[in-house]
Amino acid sequence: MSRLSISGVEKSFGALKVLHGVSMTVEPGEVHGLLGENGAGKSTLLNILCGVLSPDRGTVQIDGRPVTITSPRAASEAGIAMIHQELQQVPELTVAQNIFLGANLRRGPFTARAAQEAEARRLLAPLDPTIDVTAPVKSLRVAARQLVEIAKALRARAKIIAMDEPTSSLTPAEFEKLAQVVQKLTAEGVSVIYVSHKMDEVFRLCHSATILRDGRFIERVKLPETPVAQVIAKMVGRELVHATHVSYAKPKVILQAQGLTGGPVRDVSFTLHQGEVLGIAGLVGSGRTELLRIIAGVDSSTGSLTLNGQAPGQGPRARIAAGLGLLPEERKRDGIIRHRPVTTNVGLASMKAFTTGGLIAKRRLHARTEALMKDVGLRPLDVTKPIGQFSGGNQQKAIIGRWLAADTQVFLFDEPTRGIDVGAKAEIYALIERLAAEGRSVIVVSSEMPEVIRLSDRVMVMREGRISATLSGPDITEANIAHNAIPA
Ligand SMILES: Nc1ncnc2c1ncn2[C@@H]1O[C@H](COP(=O)(O)OP(=O)(O)OP(=O)(O)O)[C@@H](O)[C@H]1O
Ligand SMILES: [Mg+2]
């Protein structure tokens, strides 16, 4: 008997139908992939399963019994836990408090704090024992916060744990740890539903997968025996072409950094040329994100930075005005205003250009945004919709558009394709290449080695806040990057 059997689920948002009779079955102790492009309906289906959304039609059975999931609490009682794509944590509360959110251990009228902390520590031990359970969640980086969510699902002792892109910001080592945890869970009979755009992970972890395309059920496949190309073809409905790196770098120096030091970043010097794509590789915690934040003026530092031979001023506003644009790693916190339309979110960095006598030229902003969103492949192409109503990957595309709208000379991309599907990834790569071809300069931080290698003219490897190597041409290899990234 199947652990979970979903059948004929339909869901519309207003006039937009996003799920057309979707079915999915998951066996006990199985890791089941839920695959599809950005906007295919994966998160929507999982949100229905965990009681955040209610379906218009369709049935859910657990262990052969029909269940009606009317709320997150009902889902939890039915044995379903979910790790959301956009983390749903209370940033001010501690790690332990977040793990026990809505399920506090009690001692009389009081929360049993010490017991909760001890249990939180036990749950986190196999994931990352260095996480301080008494620290507020907001003080943690994305990777650690993901692990806290996973610990919370473990705490709830769910029979079915749905993970919506749980590893999109984990290091390979952290993924290994998670893979072990998932395997242990399944050995105990827990079923895991796994959403990821990383095919190598999916093929390593999953026993089977459901493929969705445009909100429709396409096929249930056995893994890993189904060829990856076949799975991707079913997801995207077409063949993908594989492109190689083209360089547009010119000799002219655009950005020059000398001895940048601040936070974890130690004495970083480099030059960036016109039309160049400079990759930054390194492990999480090596200072890559912080370096980008220093360049963007978000974090302060000592040392010097010049843009076109001049100091670009201090603070993010001055840096944006000077032509530096940062696409942050964590969209939810730094990037977007969820309830405002795409136009507003795209116009944020370039409002001046659309403001005449204090009024925003709405028409122009609309037209410009629409053109940009067509370029980045926003789906659906409706720029009046609140950005929060788009799928995760499509939100990312909109944010990229923001920096295209501003007159940005140097693009600072932090994990630009995190959460972006295989098809749209190629579109983002093409976009970055086009920026370079137009004479703009790009710095890309990425944890995905094939991505850094594919995109970069040169690769700086960071280790413990310093640049451990700068690679170019044929020296840009996975082995060289890995060798220089790992602390001695
Ligand atoms: N609250 C909402 N209101 C309106 N439309 C929505 C809402 N939430 C999602 N949608 C739409 O439903 C469709 C499916 O979105 P969903 O988030 O399920 O995609 P996904 O498969 O998880 O994609 P991704 O890989 O990008 O996360 C998209 O077209 C999206 O724009
Ligand atoms: Mg999603």
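Notes on the structure follow.

Thresholds applied
The numbers attached to residues start from 1 for each chain and follow its sequence in the written order. Written order determines the labels here, with chains lettered from A and ligands numbered from 1. Since the coordinates come from a predicted model, pLDDT governs what is reported: local features require at least 70, and pairs of side-chain atoms require 80 or more to be given and counted, while whole-chain, interface and lining totals use all residues. Strands are runs of DSSP state E lasting at least two residues, helices are runs of H or I lasting at least four, and both sets are numbered from the N terminus onward. Two things to know: the radius of gyration comes from C-alpha atoms, and the globule rule equals 2.2 Å times the number of residues to the power 0.38. To assign burial, the other C-beta atoms lying within 10 Å of each residue's own C-beta are counted, with C-beta atoms placed from the backbone; 20 or more indicates buried, 12 or fewer indicates exposed, and intermediate counts indicate partly exposed. Strand pairing is assigned whenever DSSP identifies at least 2 bridges connecting the two strands. Every axis in this analysis is a line fitted to C-alpha atoms, fitted for helices over the stretch in contact. Angles between the N-to-C directions lie between 0 and 180 degrees. We call two residues in contact whenever the C-beta atoms placed from their backbones are within 7 Å. Core membership is restricted to buried Ala, Val, Leu, Ile, Met, Phe, Trp, Tyr and Cys residues, and these are joined into a nonpolar core through C-beta atoms within 7 Å.

1. Observations concerning the overall build of the protein chain
Part 1 of the argument: Along the protein chain, the regular secondary structure elements total 17 helices and 23 strands.
Part 2 of the argument: Computed over C-alpha atoms, the radius of gyration of the protein chain comes to 23 Å, within 12% of the 23 Å expected from 2.2 N^0.38 for 488 residues, which places it in the range of a compact globule.
Part 3 of the argument: C-alpha atoms of the protein chain, sized along the principal axes, occupy 70 × 50 × 50 Å.
Part 4 of the argument: Counting every position in the protein chain, which comprises 488 residues, the buried fraction comes to 45%.

2. Some details on the sheet that holds strand β11 (residues 208–213)
Backbone-to-backbone hydrogen bonds pair the strands of a sheet. The strands run either parallel or antiparallel.
Part 1 of the argument: Here we have 6 strands laid out as an open sheet, ordered β6-β9-β10-β3-β11-β12, and mixed in their pairing. The open sheet has two edge strands, β6 (80–83) and β12 (216–222), and neither has a second partner. Strand after strand, the sheet turns through a mean of 20° between neighbouring axes, direction not considered.
Part 2 of the argument: Where β6 lies against strand β9 (residues 160–164), 4 bridges are found, and the strand directions are parallel. Bridge assignment links I80 to a residue of β9, and that residue is I160.
Part 3 of the argument: This element, helix α1 (residues 42–49), spans β3 (31–35), β6, β9, β10 (191–195) and β11 of the sheet and lies at about 150° to β9.
Part 4 of the argument: Helix-sheet contacts for helix α8 (residues 228–236) involve β3, β11 and β12, and the interaxial angle to β11 is about 30°.

3. Brief notes about the nonpolar core
Taken as a class, soluble globular proteins show a tendency for nonpolar side chains to be buried jointly.
Part 1 of the argument: Among the nonpolar cores identified, the biggest contains 65 residues, and L49, I80, A151, I161, A162, I193 and Y194 are the most heavily contacted of them.
Part 2 of the argument: The dominant element in this core, judged by the number of residues it contributes, is helix α5 (residues 142–155), at 7 residues.
Part 3 of the argument: Discounting residues that sit within four places of it in the chain, A162 has contacts with L46, L49, C50, I80, M82, I83 and I193.
Part 4 of the argument: Counting 64 residues, the second-largest nonpolar core is a separate cluster that includes L291, I336, W403 and V459.

4. Observations concerning the sheet that holds strand β23 (residues 466–472)
Part 1 of the argument: Ordered by their spatial adjacency, 6 strands build an open sheet running β17-β20-β21-β15-β22-β23, and the pairing between neighbours is mixed. Bordering the open sheet on either side are β17 (324–327) and β23, each of which pairs with just one other strand. Ignoring strand direction, the axes of neighbouring strands in this sheet form an average angle of 20°.
Part 2 of the argument: Of the strand pairs in this sheet, strand β15 (residues 277–282) and strand β21 (residues 441–445) are connected by 4 bridges, and their pairing is parallel. Residue pairing across strands places I280 opposite V445, the latter belonging to β21.

Taken by themselves, the reported measurements are silent on function.
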